[in-house]
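Chain by chain, the residues run as shown.
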4 protein chains.
Amino acid sequence: MACVKGAGLVSEVFEDAAEVDDRLSGMSAIGHVRYGTSGGGGVENIQPFMFRLSSGPFAIAHNGNIVNADVLKDQLCREGAIFGSSSDTEVIAHLIHRSGRGSRHGMLDALSYAMNRLDGAVSLLVLVPGAIYACRDRYGFRPLSYGRYEDGYVFASETCALEALGIYDIHDVEPGEIVSVDKDGIHSFRFTENSLSKMCAMEYIYFARTDSTIEGTCVHTFRKNSGRILYEESPADADMVIAVPDSGLSAAIGYAEAGGLPVEMGLVKNRYVGRTFIQPSQEMRESGVRMKLSPLKSVIRGKRLVLIDDSIVRGTTSLKIVRMLREAGAAEIHVRISSPMITSPCFYGVDISSTKELLCVGKTVDEACKAIEADSLAFISEEGLLRAGSRSDLCMACFNKKYPTNLYDNKI
Amino acid sequence: MACVKGAGLVSEVFEDAAEVDDRLSGMSAIGHVRYGTSGGGGVENIQPFMFRLSSGPFAIAHNGNIVNADVLKDQLCREGAIFGSSSDTEVIAHLIHRSGRGSRHGMLDALSYAMNRLDGAVSLLVLVPGAIYACRDRYGFRPLSYGRYEDGYVFASETCALEALGIYDIHDVEPGEIVSVDKDGIHSFRFTENSLSKMCAMEYIYFARTDSTIEGTCVHTFRKNSGRILYEESPADADMVIAVPDSGLSAAIGYAEAGGLPVEMGLVKNRYVGRTFIQPSQEMRESGVRMKLSPLKSVIRGKRLVLIDDSIVRGTTSLKIVRMLREAGAAEIHVRISSPMITSPCFYGVDISSTKELLCVGKTVDEACKAIEADSLAFISEEGLLRAGSRSDLCMACFNKKYPTNLYDNKI
Amino acid sequence: MACVKGAGLVSEVFEDAAEVDDRLSGMSAIGHVRYGTSGGGGVENIQPFMFRLSSGPFAIAHNGNIVNADVLKDQLCREGAIFGSSSDTEVIAHLIHRSGRGSRHGMLDALSYAMNRLDGAVSLLVLVPGAIYACRDRYGFRPLSYGRYEDGYVFASETCALEALGIYDIHDVEPGEIVSVDKDGIHSFRFTENSLSKMCAMEYIYFARTDSTIEGTCVHTFRKNSGRILYEESPADADMVIAVPDSGLSAAIGYAEAGGLPVEMGLVKNRYVGRTFIQPSQEMRESGVRMKLSPLKSVIRGKRLVLIDDSIVRGTTSLKIVRMLREAGAAEIHVRISSPMITSPCFYGVDISSTKELLCVGKTVDEACKAIEADSLAFISEEGLLRAGSRSDLCMACFNKKYPTNLYDNKI
Amino acid sequence: MACVKGAGLVSEVFEDAAEVDDRLSGMSAIGHVRYGTSGGGGVENIQPFMFRLSSGPFAIAHNGNIVNADVLKDQLCREGAIFGSSSDTEVIAHLIHRSGRGSRHGMLDALSYAMNRLDGAVSLLVLVPGAIYACRDRYGFRPLSYGRYEDGYVFASETCALEALGIYDIHDVEPGEIVSVDKDGIHSFRFTENSLSKMCAMEYIYFARTDSTIEGTCVHTFRKNSGRILYEESPADADMVIAVPDSGLSAAIGYAEAGGLPVEMGLVKNRYVGRTFIQPSQEMRESGVRMKLSPLKSVIRGKRLVLIDDSIVRGTTSLKIVRMLREAGAAEIHVRISSPMITSPCFYGVDISSTKELLCVGKTVDEACKAIEADSLAFISEEGLLRAGSRSDLCMACFNKKYPTNLYDNKI
């Protein structure tokens, strides 16, 4: 079992296909990609993690965030474990090992044991010689899908990755389920009978790619519906609907359709931007938004706009866009947000700023509207959001503080 | 006068801002960026070109293509010139020098002389110690704009680059005009009284960024109008309009608005693609389009689509998209193209494939429709295109073979 | 406590001094550099290793090889440990932790406990917040030195690194010693009373830089002495002495001096070589030595040479050099080796090929001489080697199989 | 005819052998490598230069420096030439073209014309479709050699490059000679009957690799002889001879042999150095020499040393080495230099500092000795240098101001 990983783009880590073939031959493999983060970077935190046990090697790749990681770490440390990374993923490996059934034959039991002790968001792939195990926590916070590809199976967080391979018969790993693939085929197990349906609302609202399908609901459809419902809940008397590209576009189409308004291209993404180092002046540096988004003056001049965005976090971007549109000649700007007000942190893997930085904390909608200098502001309701996905439940803790799990030592 | 240039992204050539400050200090500068091309690459062809004359150094950056470059090269060679690059831009430098007035004081005369001997598309910046000269050929094939920035002036091909700097009072260098900037300010001259208005139609249709303004006409507005006119000329009985992203989007909005149809997001750009090295199979390699664009099945299944694209060149992409939409469940696919049929090569800088590769050469619209397997196909008319921009003239030689210039040795 | 590490040269990992200052501020630090190896590479094996315990973080950097690593790993695995790397260094961290005294206050006891359980070559640095610990195994297989620098202390494997900083008052960490540095100064402890003096002979013969001093003996002096003794033991009737550069040069000077022969520059290192991709023919590719070393024909033509090299491992290089010298016109080639015959593997960190690849295994000196096509061949005696360093003992297990430690599961 | 070049190492410019095969297929090629220099860098100055004439393309690679480059440039500019680089090599191309015989058939005449107008050091390769031309100026300042390789010929500045390919039957392009290779074989011409023998003395003394042969004389032999003669001219009463590595080593061997003294390794090159960014203190930064060279204290302590170096330019390095040896315990330091005193600049391609920086300008040997704090100092005589190479003449203008050429506008 071999491990190749590194910092940088996938194409930088695997520069030479022939070399990769050489070093990564075999029947099964797992991989992991995430954006670099400032804190917690370092090569020792790059996934997948590969471990060597007396019973053989295994590797894990993890999407999500474990709420009781610190509690478990303390306990494991007291029992003799040491941690070589600051990643909470290493906790999973220790639990698998501590289950006393680290051998391949017992991996299923070991995984069950580990998944039952972990609390939080855990979409997980485990590779052992001869088999791959995929599982999701009992809440189902983060997506994990799979489909048959030629003689084997492919797992991915988002269905769009599978569809790009031509795989259209796609299944979800269910909350509380372990799916294993080995030479005898594919098998399903449950590590708990006690599962829920708490998919993270932000996956639909912001994270997922428009053409992915999460737990049977097309993301674009969800967003378009949320735009339609947003219009029903908070109509605006306006000349046109414009989206903050790209994530606001689907909701804008829905809002426009419901309101009989035209969708217009009022903001354009600026492909000139990137790793630029020339910033003409201090003033420009401060208004980075102007560099990333350009207003289409000929479209918006003198017009009453509905501006659709997916969320308001710190509010600074919203303020800059409103000012930019105003400066470009917009007569009125009615902001409509396809998520409820974000008022609490996420402990399940969404990297929201700390509570005190959130614009909507301790503010009424009117106060928030003033803060971003809009003519009107409205957020979709929680009920509306569920309706958009024809779902009975979602994790909406960042909107309503109803955290599905115990929070342990974490502070809201 | 110093010159720094190299292969790669701007951020790769200028890695270190401090170093650049060091090497490129001064009051004025010109730059040049273009996509790498397979043939004609090589560091010796990287612009700007800097030359040393007995009268002092000068540098030039050129956008466009000179039709009589080979004729002039032969003549200049016979007169003793040698060429260190395969670029036609070097011809301009030789003409400036040959004018016998290479000194700074006479640069204006030298440029006039050169511009009057050159034929074709020449949007040009010339840097000499103490001054910058900008000029456009007498046809005005390619755009060149400028505006005041703080105590100076900025020139750019596209206005969006100026607007990103906060410059909104923007002027065009006119066809046949030379604009110079020196310590005494800005000055305008004409090198010919014989100028036309032959802006390349493809600048509006495909090249320019949506939020740029070319000769007073907003590109988005042009495209949206062309969509509207396309509907008027060739309506389709359909459920929705979808665009080939991103360049088809403005026209799609116009077509939809005129036809009272919804714009839908039926195709999504696949950001997974890039410098990928893993291509799952031979079959996948052949259908690269599936990797770059994904159909949104939940949107298009069972629907009658109008598919808006900006042009058909070889037709292979159109065919792949039609098949992909069909496979994803589209009931009908009516292709509408916001340019006329491309039937001839361009000699002014648009890199169109050779005549024999063009799908529309020697085909009727019906035959082209069959070739891309659409249910119906229509192109905007030349008259419609002019109307979209409220213009009386454009260079449309690639549609109608009416080349504004002599073609010299070039073969259609 | 922060950790920055990566693959590549030090200057590639730490590209930007300012950034490093930023990320690695503090009063104390440890580092590690080693050549990339084909097997066992991978970012997860890059040292130093940093670990997080309930009692706080610590980092370790290790030079050497642990003979009972597999035995300890099995035992630790059974006790619940898991291993994230294939490096034997991780075993040390587990032992420190298992000592039950992982806190900083008890690090000394923990290190003692670990060092007493480890068997083999362990020159080690441990960093905890506020202190650095340095120790060497009780055999003293690998060097570890230190000296005072300004207000602090610097530790290094080789004294030449300290001298480059201007440190000349240099001490060895003794076999069986732990040296700690904290805000109260420097302290010495012994983790065993049972220490030996088994410095690896190959450190003197080949590894160390000529200007380093190991346990009080200058490496150059050692090598020059070994050359002198080699002459006394195996004189050759020759015209000149030439060295295989660079490591054979000191011994060549000694041999020449003792024999009253001139040292000549008969072989030159070829700086043209490196990451070359053009290899003119298959034949050339096979004789890589000709590219790395060039014979100085004008010097050696018609001459009887003594060729001094430090060791013979597989013998392929020796054979190529002898042939190259012969081809360049040498009349006679008498090879003298400043180490005894290598006939066994090393388990303490020297990367010698497997037993069956070693030229001298199962061969007499005469047979080895024939194999490399020399006119005569001699090796220094073990006694001679000890005399060269005025030492009573060295680890010479690769020459005589007298391994100072138990070999556990390792096979000779 | 294709051209591939770039900044960086050869292995960086030609990363992919397969790609190179693709882009640089053909029967003949020329190349050029030089160290990057601070001024005059820039991709536009990278050689070879390729030019396009009406009569076809040609490319040139040039080693040396043209004394009348500025005079010729002025004249060519007045005749209509423009220069795209600051390199004097472009002048050669213009002269070839101006000869009025730019066609392939007339290249020989064109080259003759150009070489007769150029003054200074010109070792040149010219590539045209179907042929390569190699020539050296009539003084023969710089070397240029060739030999037969398989079915063709290879040219190189230094013979060691040819020997690395296994080519041992090596010829010089003679001063005043043009050697051409085409499908009919190899041909020799003379562009002047008026040739001299003014090989640059510094090629033997410093530039060339020890194992190269220049105009029939082995560089090592030259240097060893110069050491021997230096002893005869300026013996020193000392215990040992040490060299400044690597270039002083051959002369040190000669000096030692003549004086019956041992050569010792008193200075070691520090391979720790390179692109280091950590420099422990301001003091260290100032004495960069200590980082690059280490004294072997055990060897030199209490000893009377002869220190052999190849030349003294600014004297700062010599001073640092003398101080370093003194600090390491040397009893006496007698510096012997295997070149005469450098007192004038070079206009033929040796990058010597400006006159006022040269240590020996306006100083007696005694004053120079004091300046570098040595116990004694001596330089080889000019006569001695000629004797070392058994040569009747060399260019020694930097020692004696006897410049073989007119100096035009250049100031001593």
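Residues numbered from 1 in each chain as written. Chains lettered and ligands numbered in written order. Predicted model: local features only at pLDDT ≥ 70, side-chain atom pairs only at ≥ 80, totals over all residues. Heavy atoms only, no water.

Asker: In this structure, what is going on with empty space enclosed by the protein? I would like to understand it.
Answerer: Empty space among the atoms becomes visible once a probe the size of a water molecule is rolled across them. Approximately 370 Å³ is the volume attributed to the largest cavity. What lines the largest cavity is a set of 28 residues, among which Glu44, Gly84 and Ser85 of chain B together with Glu44 and Gly84 of chain D lie closest to the centre. In terms of residues, the lining of the largest cavity owes the most to one element, strand S1 (residues 49-53) of chain D, which gives four residues. Across the lining of the largest cavity, the residue classes tally to 15 nonpolar, six polar and seven charged. Here the second largest cavity defines a volume of roughly 270 Å³. If you trace the second largest cavity, you find 20 residues lining it, with Glu44, Phe49 and Gly84 of chain A together with Glu44 and Gly84 of chain C closest to the centre. Within the residue set of the lining of the second largest cavity, elements represented by two or more residues are strand S1 (49-53) of chain A together with strand S1 (49-53) of chain C. Residue composition of the lining of the second largest cavity, by class: ten nonpolar, four polar and six charged. (1 Å grid on protein atoms, 1.4 Å probe; cavity = no way out; pocket = protein on both sides within 12 Å on 5 of 7 lines; lining within 4 Å. Points joined across faces, edges and corners; volume = space filled by probe spheres on them. Helix = DSSP H or I, 4+ residues; strand = E, 2+ residues; numbered from the N terminus. Nonpolar A, V, L, I, M, F, W, Y, C, P; charged D, E, K, R; others polar.)

Asker: Hey, could you run me through the interface of chain C and chain A in this one?
Answerer: Often the size quoted for an interface is simply the accessible area lost on bringing the parts together. Taken together, the contact between chain C and chain A spans 22 residues of the former and 22 residues of the latter. In terms of surface lost to chain A, no three residues of chain C exceed Val43, Arg52 and Ile82 of chain C, which account for 32% of the buried area on that side. Taken together, the links from chain C to chain A amount to zero salt bridges. The interface formed by chain C and chain A holds four residue pairs in polar contact (both at pLDDT 80 or more) in total. (Contact = heavy atoms within 4.5 Å. Buried area = accessible area lost by both parts, 1.4 Å probe. Salt bridge = Lys/Arg side-chain N within 4 Å of Asp/Glu carboxyl O. Polar contact = N/O pair within 3.5 Å; in protein donor to acceptor, adjacent residues only side chain to side chain.)

Asker: For this particular structure, what's the right way to read the side chain of Thr217 of chain B?
Answerer: Residues and elements named next belong to chain B. Within the secondary structure layout, Thr217 lies in strand S11 (residues 217-218). Here Thr217 falls in the buried class, since its relative accessible area comes to 16%. Beyond its immediate chain neighbours, meaning those up to four positions away, Thr217 contacts Tyr204, Ser212, Phe222 and Gly389. (Buried < 20%, exposed > 50% of the residue type's maximum accessible area, 1.4 Å probe, protein only.)

Asker: Please explain the confidence of the model for chain A as it appears in this structure.
Answerer: Regions with low pLDDT should not have their predicted coordinates read in detail. Overall, the predicted model of chain A reaches an average pLDDT of 87, with 89% of residues at or above 70. Every residue in residues 273-287 of chain A scores below 50 in pLDDT, and together they form 17 contacts with partners more than four places removed in sequence or on other chains. (pLDDT = per-residue confidence, 0-100.)

Asker: Just to check I follow, could you spell out the relation of the copies chain C and chain A for this structure?
Answerer: What relates the two chain copies is a rotation about an axis together with a slide along it. Taken as rigid bodies, chain C and chain A are interconverted by a rotation of 179° and an axial shift of 0.1 Å, the fit giving an RMSD of 0.1 Å. The superposition of one copy onto the other is thereby described by a two-fold rotation axis. Interface overlap between copies is the fraction of interface residues in one copy that are interface residues in the other; for chain C against chain A it reaches 100%, indicating a shared surface. (Least-squares fit on C-alpha atoms with pLDDT ≥ 70 in both.)

Asker: What exactly am I supposed to notice about the domain arrangement of chain A here?
Answerer: Residues and elements named next belong to chain A. Split into domains, chain A comes out as domain 1 (29-190) and domain 2 (212-400). Contact residues are listed per partner, giving 15 residues for domain 1 and eleven residues for domain 2. For the pair domain 1 and domain 2, the summed buried surface comes to about 900 Å²; carbon and sulfur atoms form 52% of the total. Along the contact surface separating domain 1 from domain 2 lie one salt bridge. Among the salt bridges present, the one from Arg136 reaches Glu215, with a minimum N-O distance of 2.8 Å. A per-class count over the side of domain 1 that touches domain 2 returns six nonpolar, five polar and four charged. (Domains from an automatic or database assignment.)

Asker: Just checking my understanding: could you explain helix H8 (residues 219-233) of chain B for this structure?
Answerer: One turn of an α-helix holds 3.6 residues; hence residues three or four places apart share an orientation. A rise of 1.5 Å per residue sets the reference length of H8 of chain B, with its 15 residues, at 21 Å; its end C-alpha atoms lie 21 Å apart and thus fit the reference within 8%. When we look at burial in H8 of chain B, the residues that qualify are Val219, His220, Phe222, Arg223, Lys224, Asn225, Ser226, Gly227, Ile229 and Leu230 of chain B. (Expected span 1.5 Å × (residues − 1).)

Asker: How should I be thinking about the sheet that holds strand S4 (residues 131-136) of chain D in this particular structure?
Answerer: Strands pair in a sheet through their backbones, by hydrogen bonds, and they do so in one of two ways: parallel or antiparallel. All names here are of chain D. Spatially, six strands are ordered S1-S2-S3-S4-S8-S9 in an open sheet, and the strand pairing comes out antiparallel. At either end of the open sheet lies a strand with only one pairing partner, and these are S1 and strand S9 (185-190). Strand-to-strand twist in this sheet, taken as the mean axis angle between neighbours without regard to direction, amounts to 20°. Relative to strand S3 (residues 123-128), strand S2 (residues 56-63) runs antiparallel, the two being bridged by five bridges. Among the inter-strand pairings, Asn63 is bridged to a residue of S3, identified as Ser123. (Pairing = 2+ DSSP bridges. Axes fitted to C-alpha atoms, helices over the stretch in contact; angles between N-to-C directions.)

Asker: I'm lost on helix H4 (residues 89-98) of chain A in this one. Help?
Answerer: In terms of residue burial, H4 of chain A counts as a mostly covered element, since ten of its ten residues are buried. Listed in full, the buried residues belonging to H4 of chain A are Thr89, Glu90, Val91, Ile92, Ala93, His94, Leu95, Ile96, His97 and Arg98 of chain A. Taken together, the buried residues of H4 of chain A touch S1, strand S2 (56-63), helix H3 (69-78), helix H5 (107-117) and strand S3 (123-128) of chain A together with helix H3 (69-78) of chain C.

Asker: Mind showing me how you'd approach the pairing of strand S9 (residues 185-190) of chain B here?
Answerer: Every regular strand shows the same layout, with side chains that alternate between the two sheet faces. Residue and element names in this part refer to chain B. Alignment of strand S8 (residues 177-182) against S9, held across six bridges, turns out to be antiparallel. In the strand pairing of S9, Ile178 is matched with Phe189. Once S8 ends, the chain turns through two residues before running back antiparallel as S9.

Asker: Hey, could you run me through the packing of helix H8 (residues 219-233) of chain C against helix H9 (residues 249-259) of chain C in this one?
Answerer: Think of two packed helices as two axes; the pair is described by the angle between the axes and how far apart they sit. All names here are of chain C. Across the interface, H8 lies against H9 with an axial gap of 6 Å and an inter-helix angle of 45°. Regarding the angle of H8 to H9, the classification is oblique. Handedness of the H8/H9 crossing: right-handed. Across the interface between the two elements, His220, Arg223, Lys224, Ser226, Gly227, Arg228, Leu230 and Tyr231 of H8 pack against Ser250, Ala251, Ile253, Gly254, Tyr255, Glu257, Ala258 and Gly259 of H9. Considering only residue class, the contact of H8 with H9 consists of six nonpolar, six polar and four charged. (Parallel < 35°, antiparallel > 145°, perpendicular 65-115°, else oblique. Left-handed = near helix turned anticlockwise from the far one by under 90°.)

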